[in-house]
Amino acid sequence: MTRISLTVNGESHEAEVEPRTLLVYFLREQLGLKGTNVGCDTSSCGACTVLVDGESVKSCNQLAVQADGCEVTTIEGLAGGGGLHPVQQAFHEKHALQCGYCTPGFVMASVSLLTENPNPSEEEIRQALEGNLCRCTGYHNIVEAVQAAARAGA
Amino acid sequence: MSILGNRVLRTEDGRFLRGAGQYVENLPLDGALTVTFVRSPLAHARVNGIDASAAEALPNVQVLTGADVDMPPFGPPPFPGLDAAMGRPVMVTDTVRFVGEIVAVVLSEGRAAGADAAELVAVDYDPLPVVIGPSRAAKDEVLLFPNVGTNLAAVGGAPERDETFFDGCDVVVSGTITSQRMAACPLEPRSAAAEVGADGRLTAWLSTQTPHQDRAVLAGMLGLDPADVHVIAPDVGGGFGSKMVSVEELLVAWLARRTGRPVRWTETRSESMVALNHGRGQELTFTIGSDREGKVGAFRLEILADVGAYPGLGAFLPNLTGLMSSGVYAFPAIETSSRAYVTNTTPIAAFRGAGRPEATQAVERAMDVLAAELQLDPAELRRRNFIPRDAFPYTTASHGAYDSGDYEGALDLALRSADYDDLRAQQRSRREEGGPKQLGIGISTYVEITNGIAEKEFGEVEITPDGGAILRTGSFSHGQGHETTFAMIAAEQLGLPLEKITVVKGDTDLVAAGTGTYGSKSLQIGGSAARLASEEVVEHARQLTADYLEAAASDIVLDPALGAFYPAGSPAQALTWAELAARAAEDGKLDELKVVHEFTAPPSFPFGAHVAVVEVDVETAQVELLRLVAVDDAGTLINPLVAEGQVHGGVATGVSQALYEQVAYDEDGTPLTSTFLGYAFPSAADLPSWEVVEMVTPTPLNPLGAKGIGESGTIGSTPAVQSAVIDALAPFGVRHVEMPANGENVFRALQEAKEA
């Protein structure tokens, strides 16, 4: 077991982890943050996307020990209080989710994109979200939601 | 003003957006053992023995094998002609028939320990010869079930060819297309958990589309009274036809009973890609004959179906393909036949469209080949053969009883929206310029069948003491938005605001009956049941109001704007729902405001027309889809926002069959697409925005006027895109490109055309 300390959604945590534990399972099973989903085992689908030090990371592709000393934000910590972050709000208004399983990952990846590029073109959005997969929406409304969030200054 | 027909934002979104979706894997289930399956790496082998001693030497690990299982084989389903000897063992005892079949199960404390132990289970296999693909299986050289003596699992349609079938035709053309095997890929892999309560009842939490049907299957397979089985489908992360009880869920429930502990299982993606049923997998040979003007006289469709290692729904789907073989056309004579074979591959079952995409792909390809032969524009050939809009109800020569349609109207709308004439002009100038990037234009006109086997669905409306309503539905929602759409239906009838309606679904203790959601049937039968139950509750409420106001029930009206009842013309006497419910509760009469309605209707037939525009680089063989214009008519829309979402997702899957996805096996039956790295699941970067055009032709078959919308986009888009790719390459002598029309298949087609 290895001892790590990190900040998750603004709260500091110290924990003993098995060195092979993936960040996503640390978040889900040790911290009980079940909003981050697992959709594949090849870091292809992006359902597990979280922010580590502000950048989007596939949490199935990073060990928990690698997050030692980092600041992690998950879907649960994105908006303050009971509200919605502008990207979450845009996903709601544009019907950019159906079954909802890929949604936390898409929202986190979109937040990361808009931090780097506040006014992306449709092409840039599609390229930036290339690492996240959705079977329900055909991506159309997800792209529209990111555009709407950009307009709203997310 | 009516709420129906409005783009109402989904009320279920909040929990998903906040990461609070209640998927099975998120249930706490304290003290649960983890289930890990040991699966065969070989496609066909005899199992001589299993040594689990090394695995069981690990702490808290237990291993069980097929010899421990006391359940009968799972299936085949009761379709006529299926041989019971092709039933699927819940866990293998002597022979494995596909890569991914379960040979042992590990119980452990936690996921990592289960994975460690599963790797230590040593299975002694004797490999057997392998057969892949239905054409090879048809030779019966390698038999999956030697005691049956053949790989032929099911036959359908005409027993033999009528050799005079095309005698009256001036022109006869034929061809073969493959509707390749696909993986459903719900983003949430399957997950199941089970526990036996202190009262002895079994509770199973399943990621499924069909909780009530699953309860019946679990009870039947475990020898339990269905009343002692409680199935809960919490939030489910997509299904696409693939998620209903199978051997894994049966074993999870069985293990909970055997161990007396709660148990849980969540499949990995690489497990899902080989163990979750696949879809499609048909080879379709068409022959079409017409007069010189293109009026079709006869159409023949011969279906060769791959059902995988064990016949299930995949053995039935060719019948649906045959039924829908006429498409949107008034063909006077149709001959269909199907032969379905077992092979050493993952079983085939439903995947978005399930039998109907195959029919549309075949007939639309046939029309394109005939149009090319007659040197007619493919749109014009279709016009000459459409079932006319004034011919409904119309029964096709392949026995489809179509309810309503306007096929030429849909094509006109799609062509106008795409600016077809301008597209053809652009194509001509690109061809004249002779550059590497050529334009291709494809059209497809389609009809499909929803609620295909005329099922019955349950609806119950109950007024609560505070004057709200609970709507219980036997339909299920795994992304379709029923919590919003079904609430809109009840709200409209009851004159209550949306937030006063609670939709309950997916729990066999809370909802008395149900069939679940597949085949695009929810709205037309489940929605109609909700509507009619709501109407009846209003009738009961009028009676109760009449009693309280000492008036005649026939005089009482519901004012939907106020949500209140009063004698016509006397609003001062109004009783609101809240007042009425409070009084009824006081008098012990609240039960009168609770109504069950079960609704059934014949199948309905959504239809539409799609236009695809592709750019193909003839030097690199790369294909880019530039536009996809989709006209999908599913009758009356309750929530156009949700309906459009269904079209978007459907179109993406249909396009992906045309361009990207294919489940592949090598000669030894080893899957080549067992992860999301190997399987070409498209991302946003691979697809364009969709141009969805609304068209509404109500059905007379239900009080909503609604047909199904979940699969239309999938069915309509594939042939349009495939056709567009072939159209782009026509000047180079290419006559056909196999799906997926990816770089490899386009390159092959170009090479073959050069060599010809």
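Quick caveat: nothing in here was measured; it's all calculated off a predicted structure.

Engineer: Explain the domain arrangement of chain B to me, using residue names and the numbers behind them.
Structural biologist: Where the parts come together, the accessible area they lose is often given as the size of the interface. Residues and elements named next belong to chain B. Domain boundaries assigned for chain B yield domain 1 (31–128), domain 2 (278–451 + 603–755) and domain 3 (456–600). Just the C-alpha atoms count here: the centres of domain 2 and domain 3 sit 41 Å apart. Between domain 2 and domain 3, the residue contacts involve 16 residues of the former and 17 residues of the latter. Split by residue class, the side of domain 2 that touches domain 3 holds 7 nonpolar, 7 polar and 2 charged.

Engineer: Please set out the domain arrangement of chain A residue by residue, giving values where relevant.
Structural biologist: Residues and elements named next belong to chain A. Here the domain parsing of chain A yields domain 1 (2–77) and domain 2 (86–151). A C-alpha centroid distance of 21 Å is found between domain 1 and domain 2. Across the contact, 16 residues belong to domain 1 and 13 residues belong to domain 2. Of all the secondary structure elements, the ones that give two or more residues to the side of domain 1 that touches domain 2 are strand E3 (49–52) and strand E4 (55–58). With 3 residues, the single largest contributor to the side of domain 1 that touches domain 2 is E3. Class assignment of the residues belonging to the side of domain 1 that touches domain 2 gives a composition of 6 nonpolar, 9 polar and 1 charged.

Engineer: Describe the interface of chain B and chain A, naming the residues involved and giving the relevant values.
Structural biologist: If you look at the interface, chain B gives 41 residues, while chain A gives 43 residues. At the level of elements, helix H1 (13–17), helix H7 (269–275) and helix H16 (640–659) of chain B are the ones that each hand at least two residues to the side of chain B that touches chain A. When residues of the side of chain B that touches chain A are assigned to their parent elements, the largest contribution, 6 residues, is made by H16 of chain B. Class assignment for the residues of the side of chain B that touches chain A results in 20 nonpolar, 15 polar and 6 charged.

Engineer: I'd like a description of the sheet that holds strand E16 (residues 296–306) of chain B, backed by residues and values.
Structural biologist: Residues and elements named next belong to chain B. If you walk across this open sheet you meet the 5 strands as E7-E17-E16-E15-E8, and the pairing is mixed. In this open sheet, the two strands that pair with only one neighbour each are strand E7 (152–157) and strand E8 (171–179). Looking at each pair of strands side by side, their axes are set apart by 10 degrees on average, direction ignored. Of the pairings in the sheet, the one linking strand E15 (residues 282–290) to E16 comprises 9 bridges and is antiparallel in character.

Engineer: Can you explain the nonpolar core? Please cite residues and give values.
Structural biologist: Within the largest apolar cluster, 288 residues are counted, with the highest numbers of intra-cluster contacts made by Val 106, Val 252, Ala 490 and Val 725 of chain B. At 10 residues, the largest contribution of residues to this core is made by helix H14 (residues 522–549) of chain B.

Engineer: So what's going on with the sheet that holds strand E30 (residues 691–694) of chain B? Which residues, and what values?
Structural biologist: Pairing between the strands of a sheet comes from backbone hydrogen bonds, and it takes one of two forms, parallel or antiparallel. Residue and element names in this part refer to chain B. The mixed open sheet is built from 4 strands, whose spatial order is E20-E28-E29-E30. The open sheet is flanked by strand E20 (437–447) and E30, the only strands paired with a single partner. For this sheet the average axis-to-axis angle between neighbouring strands, irrespective of direction, equals 10 degrees. Relative to strand E29 (residues 623–633), strand E28 (residues 607–617) runs antiparallel, the two sharing 10 bridges. By the bridge assignment for E29, Val 616 is matched with Val 623.

Engineer: Please give an account of the packing of H14 of chain B against helix H15 (residues 577–586) of chain B that cites residues and values.
Structural biologist: Residues and elements named next belong to chain B. The contact between H14 and H15 brings their axes to 11 Å, and the two run at 75 degrees. The orientation of H14 with respect to H15, classified from their angle, is roughly perpendicular. Residue-level inspection shows Ala 541, Leu 544, Thr 545 and Tyr 548 of H14 in contact with H15, the latter providing Leu 580, Arg 583 and Ala 584. Class assignment of the residues belonging to the contact of H14 with H15 gives a composition of 5 nonpolar, 1 polar and 1 charged.

Engineer: Run through helix H9 (residues 356–374) of chain B, naming residues and quoting values.
Structural biologist: Because an α-helix packs 3.6 residues into every turn, residues spaced three or four apart end up facing the same way. Residue and element names in this part refer to chain B. The end-to-end C-alpha distance of H9, which contains 19 residues, comes to 27 Å, matching closely the 27 Å that a straight helix rising 1.5 Å per residue would cover. Burial analysis of H9 places 16 of its 19 residues in the buried class, the great majority of the element. Directly after H9, the chain includes Gln 375, whose backbone phi takes a positive value near 55 degrees.

Engineer: Pulling in residues and values, what's your account of helix H12 (residues 420–433) of chain B?
Structural biologist: For H12 of chain B, built from 14 residues, the straight-helix expectation of 20 Å at 1.5 Å per residue is met to within 8% by its first-to-last C-alpha distance of 20 Å. Residue Gly 434 of chain B follows H12 of chain B closely and has a positive phi angle near 75 degrees.

Engineer: How would you explain unusual backbone geometry if you had to name every residue and give the values?
Structural biologist: In this structure, the amide linkage connecting Gly 75 of chain B to the following residue, Pro 76 of chain B, adopts the cis form with an omega of 5 degrees. Among the secondary structure elements, Pro 76 of chain B is positioned in the loop between strand E3 (62–65) and strand E4 (95–96). Cis geometry marks the peptide bond from Met 739 of chain B to Pro 740 of chain B, where omega comes out at -5 degrees. With respect to the helices and strands, the residue Pro 740 of chain B is situated in the loop between helix H17 (712–729) and helix H18 (743–755). Even without a glycine there, the phi angle at Asn 9 of chain A is positive, about 50 degrees. When you line up the elements, Asn 9 of chain A lands in the loop between strand E1 (2–8) and strand E2 (11–17). Given 18 C-beta atoms within a 10 Å radius, Asn 9 of chain A is considered partly exposed. Even without being a glycine, His 399 of chain B presents a positive backbone phi close to 75 degrees. With respect to the secondary-structure elements, His 399 of chain B resides in the loop between strand E18 (394–395) and strand E19 (401–402). Overall, His 399 of chain B belongs to the partly exposed group, with 13 C-beta atoms counted inside 10 Å.

Basis of the calculations
- Note that residues are indexed from 1 along each chain, following the sequence as it is written.
- In the order they appear in the text, chains get letters beginning with A and ligands get numbers beginning with 1.
- Residues qualify for local features only when their pLDDT is at least 70, as the model is predicted, and side-chain atom pairs are given and counted only at 80 or more; totals for whole chains, interfaces and linings, by contrast, use all residues.
- Note that the domain bounds reflect an automated or database-derived domain assignment.
- Two residues qualify as a contact pair if the distance between their C-beta atoms, derived from the backbone, is within 7 Å.
- In this classification, Asp, Glu, Lys and Arg are treated as charged, Ala, Val, Leu, Ile, Met, Phe, Trp, Tyr, Cys and Pro as nonpolar, and every other residue, Gly included, as polar.
- Numbered from the N terminus, helices here are DSSP runs of H or I no shorter than four residues, and strands are runs of E no shorter than two.
- Only strands joined by at least two bridges in the DSSP assignment are considered to pair.
- Between N-to-C directions, angles span 0 to 180 degrees; the directions come from axes that are lines fitted to C-alpha atoms, helices contributing only their stretch in contact.
- Each nonpolar core comprises buried Ala, Val, Leu, Ile, Met, Phe, Trp, Tyr and Cys residues, the members being joined through C-beta atoms within 7 Å.
- Exposure classes come from backbone-placed C-beta atoms, where a residue is buried if 20 or more other C-beta atoms lie within 10 Å of its own, exposed if 12 or fewer do, and partly exposed in between.
- Any angle from 65 to 115 degrees is called roughly perpendicular, while one under 35 is roughly parallel, one over 145 is roughly antiparallel, and all others are oblique.
- Take the residue count of a helix, subtract one, and multiply by 1.5 Å to get its expected span.

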